[in-house]
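# Per-entry structural report
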Amino acid sequence: MGTTGRGRFITFEGIDGAGKSSQIAAAVARLRSAGHEVVQTREPGGTPLGERLRELLLHEPMHLETEALLMFAARREHLADVIEPALARGAWVVSDRFTDATYAYQVGGRGLAEARFDALESWVHGGLQPDLTVLFDLDPTEAARRLAGTGQAPDRFEREKADFFGRVREAYLRRAANANGRIRVLDAAQPMDVLRAAVLDEMDRL
Ligand code: TYD
């Protein structure tokens with residue numbers, strides 16, 4: 001594709017503990033070595049205000065609707081200040097999570113009405129969707145085991161129980177089934193190097 005014209009928008013998704021972080025680093029390195037300008041970012045966050053909202057979202061108790069609205073508020077800043085300008089100048093944007101996470105966590109996990117989600121999604125980003133989403137699919141029990149092994153204090157989402165992550169996982173898979181091939185589901189239970197090769201394959205295909 002080259003670096004002229006509109007850039008590409010790639011997102012990574014999966015339940016907590018599925019191992020996104022190290023795979024994202026490998027993907028970004030691959031795209032950079034192919035000569036692309038790559039903007040690596042994350043949600044919630046990615047802007048100064050977005051990072052402040054992230055702190056609240058990860059640690060402050062709040063109602064479900066508030067959670068959904070703040071996710072999309074942070075996303076609006078992120079799109080306006082980072083994602084849209086980068087794509088417009090031909091850069092590639094790689095984001096650790098985007099709107100599919102709101103579908104999985106707030107609709108699937110927490111039970112936000114789908115019509116509310118649809119309204120917010122079309123308000124905040126209309127027709128814009130990632131060009132490619134890599135979804136790391138993993139059994140919640142295995143994901144919990146991996147999270148426990150990191151020794152880090154869990155945030156408000158990571159403290160949720162296995163049945164919550166079961167619903168998040170199902171919602172991700174449902175969304176993938178309806179995404180016309182945009183969402184590529186990878187089995188995150190595979191050995192790290194096999195998974196990494198699959199991720200790099202996806203980057204090369206773009
Ligand atoms: P994550 O990106 O996994 O951060 P870390 O790897 O540093 O723990 O975590 C952000 C959390 O926010 C994660 O538990 C999922 C949640 N989340 C939502 O519930 N909805 C959203 O729309 C987004 C973007 C994230």
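A few points on the structure.

Conventions used here
Residues numbered from 1 in each chain as written. Predicted model: local features only at pLDDT ≥ 70, side-chain atom pairs only at ≥ 80, totals over all residues. Heavy atoms only, no water. Helix = DSSP H or I, 4+ residues; strand = E, 2+ residues; numbered from the N terminus. Expected span 1.5 Å × (residues − 1). Buried < 20%, exposed > 50% of the residue type's maximum accessible area, 1.4 Å probe, protein only. Arc of directions from axis to C-beta. Contact = heavy atoms within 4.5 Å. Core = buried A, V, L, I, M, F, W, Y, C linked by side-chain atoms within 4.5 Å. Phe/Tyr/Trp six-rings, centres within 6.5 Å; stacked < 30°, edge-to-face > 60°. Lys NZ or Arg CZ within 6 Å of the ring centre and 35° of its normal. Polar contact = N/O pair within 3.5 Å; in protein donor to acceptor, adjacent residues only side chain to side chain. Salt bridge = Lys/Arg side-chain N within 4 Å of Asp/Glu carboxyl O. Near = heavy atom within 4 Å. Areas by Shrake-Rupley, 256 points an atom, 1.4 Å probe, with all protein chains shown as cover. Nonpolar A, V, L, I, M, F, W, Y, C, P; charged D, E, K, R; others polar. Pairing = 2+ DSSP bridges. Axes fitted to C-alpha atoms, helices over the stretch in contact; angles between N-to-C directions.

## Observations concerning helix α5 (residues 114-125)
Along an α-helix, a turn takes 3.6 residues, which lines up residues three or four apart on a common side. Spanning 12 residues, α5 covers 16 Å between terminal C-alpha atoms, matching the ideal 16 Å at 1.5 Å per step. Among all positions in α5, only Phe-117, Leu-120, Glu-121, Val-124 and His-125 are buried. Looking down the long axis of α5, one finds its buried residues gathered within 100 degrees of arc, a one-sided arrangement. Opposite the buried face of α5, at more than 90 degrees from it, the exposed residues are Ala-115 and Trp-123. Where the residues of α5 are buried, they touch α3 (64-88), α4 (99-109) and α7 (162-177).

## Re the nonpolar core
Formed by 57 residues in total, the largest nonpolar core has its most connected members in Ile-10, Phe-12, Val-94, Tyr-105, Phe-136 and Met-203. The dominant element in this core, judged by the number of residues it contributes, is α3, at 8 residues. When sequence neighbours within four positions are dropped, the list of residues in contact with Phe-12 reads Lys-20, Ile-24, Ala-27, Val-94, Ser-95, Asp-96, Arg-97, Val-134, Phe-136, Val-199 and Met-203.

## Quick look at the packing of aromatic side chains
Evaluated as defined, the whole model comprises 9 aromatic pairs. Ring geometry for Tyr-103 and Phe-117: centres 5.4 Å apart, planes at 70 degrees, overall edge-to-face. Of this pair, Tyr-103 sits in helix α4 while Phe-117 sits in helix α5, placing them 14 residues apart in sequence. A relative accessible area of 5% means that Tyr-103 is categorised as buried. Taking the relative accessible area as the measure of exposure, Phe-117 reaches 0% and is therefore buried. Sitting above the plane of the Phe-98 ring, Arg-75 keeps its charged end 5.2 Å from the centroid. Stacked on the ring of Phe-157, the Lys or Arg Arg-156 has its end atom at 5.2 Å from the ring centre.

## As for the side chain of Ser-95
Mapping Ser-95 onto the fold places it in strand β3 (residues 92-96). Judged by relative accessible area, which is 0%, Ser-95 ranks as buried. A polar atom in the side chain of Ser-95 sits 2.8 Å from the backbone oxygen of Arg-97. Here Ser-95 is in contact with Phe-9, Ile-10, Thr-11, Phe-12, Thr-41, Arg-42, Glu-43 and His-78, once residues within four sequence places are set aside.

## What to know about the pattern of salt bridges
Any two side chains of opposite charge can pair, on the condition that their charged atoms come close. Taken as a whole, this structure holds 21 salt bridges when the rule is applied. With its nearest N and O atoms 2.8 Å apart, the salt bridge here joins Arg-175 to Glu-121. Residue Arg-175 is located in helix α7, and its partner Glu-121 is located in helix α5; the two are separated by 54 residues in the primary sequence. Exposure class is identical for Arg-175 and Glu-121. Each is buried. Among the ionic contacts, a cluster of salt bridges with common partners joins Glu-67, Arg-110, Arg-156 and Glu-160.

## Considerations on the site of the ligand
Around the ligand, a shell composed of 17 residues is seen, among which Asp-16, Arg-54, Arg-97, Thr-102 and Gln-106 lie nearest. In the environment of the ligand, an oxygen atom lies 3.0 Å from a nitrogen or oxygen atom belonging to the side chain of Arg-54. Contacts to the ligand include Arg-97, whose side-chain N or O atom sits 3.1 Å from an oxygen atom. Burial of the ligand by the protein chains amounts to 88% of its free accessible area of 550 Å². Listing elements by their share of the shell around the ligand, those giving two or more residues are α2 (48-59), α3 and α4. Top contributing element to the shell around the ligand by residue count: α4, with 4 residues. Of the residues that constitute the shell around the ligand, the class distribution is 6 nonpolar, 2 polar and 9 charged.

## Some thoughts on the sheet that holds strand β4 (residues 132-137)
Overall, parallel pairing links the 5 strands, which are arranged β2-β3-β1-β4-β5 in an open sheet. For this open sheet the edge positions go to β2 (38-42) and β5 (183-187), each flanked by a neighbour on one side alone. Going from strand to strand, the sheet's axes swing by 20 degrees on average, the running direction of each strand aside. Where strand β1 (residues 9-14) and β3 come together, 4 bridges link them in parallel fashion.

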